[in-house]
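Overview (structure and organization)
Listed below, chain by chain, are the residues.
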Amino acid sequence: MIIKLKDLLNEGVDFKVTVEDRKGKEIQKGSFTFKDDANKYIKDMIKKHKLKREKGFWGNTKTGVEMSTNF
C-alpha cells in the first residue's frame, strides 16, 4: 500500500476559513486542525479586512470582501 504525501498533509484538516471578493476570487485561505486556531484566524481577518456581520456571513460592503467557514 502506497500513501501519497498530499494525503498525509490533508489528513486532519477539519476547519477551513476562506476570504474572497464578491466575484469569488480567493484572497486568503486557512486550514486548521483545531477550532481555537481557526477562531483566532477569523478574529485576525475581521480586523485586517474590517469585516462586519452581514446576513449569515462576515463581509465588508465597501470593499466587497466576504469571509466564509465550513463549521
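No experiment lies behind these values; they were computed from the predicted model shown.

1. Considerations on the pairing of strand β2 (residues 26–32)
Two faces belong to every sheet, and in a regular strand the side chains alternate between them. Here strand β1 (residues 15–21) pairs with β2 via six bridges, running antiparallel. Pairing of V17 across the sheet is with G30, part of β2.

2. Quick word on the side chain of N60
Checked against the element boundaries, N60 lands in strand β4 (residues 58–60). In terms of polar contacts, N60 uses its side chain to reach the backbone carbonyl oxygen of K50, at 3.2 Å. In terms of polar contacts, N60 uses its side chain to reach the side chain of T63, at 3.4 Å.

3. Let's talk about the side chain of T18
For T18, the location among the structural elements is in strand β1. Residue T18 is classed as buried on the basis of its relative accessible area, which comes to 16%. Separated by 2.9 Å, the side chains of T18 and S68 make a polar contact. With sequence-adjacent residues up to four places away left out, T18 is seen in contact with Q28, K29, E66, M67 and S68.

The rules behind each value
- Residues numbered from 1 in each chain as written.
- Predicted model: local features only at pLDDT ≥ 70, side-chain atom pairs only at ≥ 80, totals over all residues.
- Heavy atoms only, no water.
- Pairing = 2+ DSSP bridges.
- Helix = DSSP H or I, 4+ residues; strand = E, 2+ residues; numbered from the N terminus.
- Polar contact = N/O pair within 3.5 Å; in protein donor to acceptor, adjacent residues only side chain to side chain.
- Buried < 20%, exposed > 50% of the residue type's maximum accessible area, 1.4 Å probe, protein only.
- Contact = heavy atoms within 4.5 Å.

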